[in-house]
Amino acid sequence: MSCSGTMSRMPTWTIKAEPVLGPGVDEVMREYFTEMGLRVLGRPGTEAELQAVLVEDPHHALSPPDGEFLVARGDGGEFLGCAGLRLLAGAPETAELKRMFVRPAGRGAGLGRGLLLAVEQSARRLGATRIVCETNTQLTAARALYTRHGYEETGPYEGHGKADHWYAKALD
């Protein structure tokens, strides 16, 4: 799966599947968790907290055959953002959006929308008819993005009771 778009500061970006354990992913995941800690906890997460999150919810499940990890790169190959998905155990018709993150250099030009649409396309290809995700109150841009694209707020789903908001969308 590959798609492209444009950004104001750089001519184009491309989104395609890459290995979740590939080069640069750990660095971006650290940025992701650091930013989430700052936004949600009001402080950066500690190394112990980061390790605990990864043990509780590892990202290796964002790999084939039941998942995928999408990376957005600029013309020079720079890592601008990512999003993953996995089919939920016990509910293979439902995909879960995970680790959606746009680095500051990629923000404000539709890259989040591009990643979300690419994840939905991947979920359909994996056989999902529904997609779910969770987020926190402080992540207002994410909540607005989901709502703009047809996600409806719902109750918690299996294994995700620590978030503030849960969303679901039927995939046509």
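Residues numbered from 1 in each chain as written. Predicted model: local features only at pLDDT ≥ 70, side-chain atom pairs only at ≥ 80, totals over all residues. Heavy atoms only, no water.

Caption draft 1: Broad picture of the overall build of the chain. Each helix and strand in the chain was counted, giving four helices and eight strands. Traced from its N-terminal end to its C-terminal end, the chain shows the element sequence β-β-α-α-β-β-β-α-β-α-β-β. Radius of gyration (C-alpha) of the chain: 15 Å, near the 16 Å computed for a compact globule of 172 residues. Each principal axis of the C-alpha distribution contributes one length, and for the chain these read about 40 × 40 × 30 Å. The proportion of buried residues among the 172 residues of the chain is 46%. When the accessible surface of the chain is summed, it comes to about 8,600 Å², and 56% of that surface belongs to carbon and sulfur atoms. Computed over 19 positive and 22 negative side-chain charges, the separation of the two mean positions in the chain equals 4 Å. (Helix = DSSP H or I, 4+ residues; strand = E, 2+ residues; numbered from the N terminus. Rg over C-alpha atoms; globule rule 2.2 N^0.38 Å. Buried < 20%, exposed > 50% of the residue type's maximum accessible area, 1.4 Å probe, protein only. Areas by Shrake-Rupley, 256 points an atom, 1.4 Å probe, with all protein chains shown as cover. Lys, Arg positive; Asp, Glu negative; His and termini not counted. Charge placed at Lys NZ, Arg CZ, Asp CG, Glu CD.)

Caption draft 2: Representation of the side chain of Thr94 in the model. For Thr94, the location among the structural elements is in strand β5 (residues 91-102). Judged by relative accessible area, which is 3%, Thr94 ranks as buried. Sequence-distant contacts of Thr94, defined by excluding residues within four places in its chain, comprise Arg86, Leu87, Leu88, Ala128, Arg130 and Val132. (Contact = heavy atoms within 4.5 Å.)

Caption draft 3: Spatial organisation of the nonpolar core. In terms of nonpolar packing, the biggest core is built from 26 residues, with Ile15, Leu97, Leu111, Leu115 and Ile131 touching the most fellow members. Listed by contribution, the elements that provide at least two residues to this core are β2 (13-17), β3 (67-74), β4 (79-88), β5, α3 (111-125), β6 (130-135) and α4 (140-148). Take this core: its biggest share by element is six residues, from α3. The contacts of Leu97, once residues within four sequence positions are left out, are Ala83, Gly84, Leu116, Val119, Ile131, Val132, Cys133 and Tyr146. Counting residues in each nonpolar core, the second largest holds 15 residues, with Val25, Met29, Cys82 and Phe101 among its members. (Core = buried A, V, L, I, M, F, W, Y, C linked by side-chain atoms within 4.5 Å.)

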